[in-house]
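Remarks on the overall topology
For reference, the chains in residue letters:
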Amino acid sequence: MLNRQLTLAALDSKLIKSEVLSHSIHEKSSAATEFHSDAFFYYLYSHISDSIFYIDSTTQRFVAANKAAQEIYGYTEEEFTKLTLEDIDYEYDAARVKWLTDELSRNGKGVFEVIHKTKSGDLLEVEVKIVLLENKIILALARDITKRKEVERRLNELNNTKDVFLNLLSHDLKGSMNVILNYTELIVSKNSILQSHQKDEYCREVHKSALLTNRLLDNLLLWTQLKSGKVPVKTEVFQAKDCISDIYHVLKPEMDEHSIVFCDRETSDVWIKADSGIFSKTLRLLIGNAIQYSPTGGEVKVVLCAEDGLVRVDVCDQGRGLLPEYLEMVFTIEHLIHNNSHLND
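So, a few notes on the structure that sits alongside this text. (Residues numbered from 1 in each chain as written. Predicted model: local features only at pLDDT ≥ 70, side-chain atom pairs only at ≥ 80, totals over all residues. Heavy atoms only, no water.)

**A closer look at the overall build of the chain**
Counting secondary structure elements, the chain contains 10 helices and 12 strands. Across the 345 residues that make up the chain, the buried fraction comes to 33%. In the chain, the share of contacts with a sequence separation of at least 24, taken over all contacts with a separation of at least 6, comes to 54%. If you sum the accessible surface of the chain, you get close to 21400 Å²; carbon and sulfur atoms cover 53% of it. (Helix = DSSP H or I, 4+ residues; strand = E, 2+ residues; numbered from the N terminus. Buried < 20%, exposed > 50% of the residue type's maximum accessible area, 1.4 Å probe, protein only. Contact = heavy atoms within 4.5 Å. Areas by Shrake-Rupley, 256 points an atom, 1.4 Å probe, with all protein chains shown as cover.)

Quick look at the structure:
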């Protein structure tokens, strides 16, 4: 007869204190039934929402699995007894398992995170807490932390996005303000001798920087509203050419400066049901970028076409564009690409 102790270290709030239960079993294969004699432990084993496994540390084969494990992983208890750790460990590495086994032999317990795969092929990120019992049996409690990890990744992504965004914002604002300050200082300086045409040129540069700064602030406001989900949507039916005409008049000075030809063919008969404010801001951003990255004398074209009850908007320019390998990064702020596609820069 083999004598063993089942030690339940406070694995979480559900297992408030350690319980040491002594059981006599005749053979390792009958361990799953012998510990059921203790009503308290059996209740926890049967009703806890986390997976509990008994594993043979020598063969790495499962001896038993509780009801929660069967439901989460999709195997019956009989099927579990035919599996080894390698069957559910998505990133199984023999060297890592040996290291964990050695640590377990030295310390008697351990905690680690791993990716498990279910019978259906789904992947689970789990936190596993293990205790080495007598007769080389491992008691393991596996908690599904997939959702927690997703939240952590999202928080890290948002934090990184915030840092990158603030750095870009401060850089762009500082650049525009430096232009405005330098030119206005020359204009108002009593010691500067400027010709009339020079003052006009400096005033145009100041106006250009002010327009760029204003556009940046508009984009910032829209971005923060979209991120916070606080953009009020007011759906209405309007004619696309009216929005495009307003955008054209706002951006015309910038187009004239670089001799950009604007074309909005095939938009006169298109009606749209949407939020006109959001549509206008989005389209203005797209057209503004097209102008910025077009060569002098290039053409910016807006084409709208109806497809299956929806309206597709194409904004085309003659800039160099992005290399294919960068296209997947275009909406990820961490991978913003500073290229030289604007020939005037």
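From this point, the discussion proceeds with the structure in view.
**A look at the side chain of aspartate 275**
Mapped onto the fold, aspartate 275 is located in strand β10 (residues 271–275). Summary of buried charges: aspartate 275 has no salt-bridge partner, and the nearest side chain of opposite charge, lysine 234, is 7.3 Å away. Residues in contact with aspartate 275, not counting those within four places in the same chain, are Pro232, Val233, Lys234, Thr235 and Phe238. (Lys, Arg positive; Asp, Glu negative; His and termini not counted. Salt bridge = Lys/Arg side-chain N within 4 Å of Asp/Glu carboxyl O.)

**Considerations on the side chain of serine 51**
Among the secondary structure elements, serine 51 is positioned in strand β3 (residues 51–56). If we ignore the near neighbours within four places in the chain, the residues touching serine 51 are Asn66, Ala68, Ala69, Ile72, Tyr73, Ala140, Leu141 and Ala142.

**Let's talk about the sheet that holds strand β11 (residues 299–307)**
With mixed pairing, 3 strands are arranged side by side in an open sheet as β9-β11-β12. The open sheet terminates on both sides in strands that have one partner only, identified here as β9 (261–263) and β12 (310–316). Averaged over all neighbouring strand pairs, the angle between strand axes comes to 10 degrees, with direction disregarded. Packing of helix α10 (residues 276–292) onto the sheet brings it into contact with β9, β11 and β12, and relative to β12 it is tilted by some 25 degrees. (Pairing = 2+ DSSP bridges. Axes fitted to C-alpha atoms, helices over the stretch in contact; angles between N-to-C directions.)

**Here we look at the packing of aromatic side chains**
In this structure the tally under the stated criterion is 9 aromatic pairs. Here phenylalanine 53 and tyrosine 73 contribute two aromatic rings whose centre-to-centre distance is 5.5 Å and whose plane-to-plane angle is 75 degrees, an arrangement assigned as edge-to-face. Pair noted here: phenylalanine 53 is in strand β3 and tyrosine 73 is in helix α3 (residues 67–73), with a separation of 20 residues, a long-range link. For the pair formed by phenylalanine 53 and tyrosine 73, the shared burial category is buried. The interplanar angle of 55 degrees and the centroid separation of 5.5 Å between the aromatic rings of phenylalanine 53 and phenylalanine 80 together place this pair among those described as tilted. Placement of phenylalanine 53 in strand β3 and of phenylalanine 80 in helix α4 (residues 77–80) is noted, with a sequence separation of 27 residues between them. Phenylalanine 80 carries the same exposure label as phenylalanine 53, and that label is buried. Taken together, the ring pairs in this structure connect Phe53, Phe62, Tyr73, Tyr75 and Phe80 into an aromatic cluster. (Phe/Tyr/Trp six-rings, centres within 6.5 Å; stacked < 30°, edge-to-face > 60°.)

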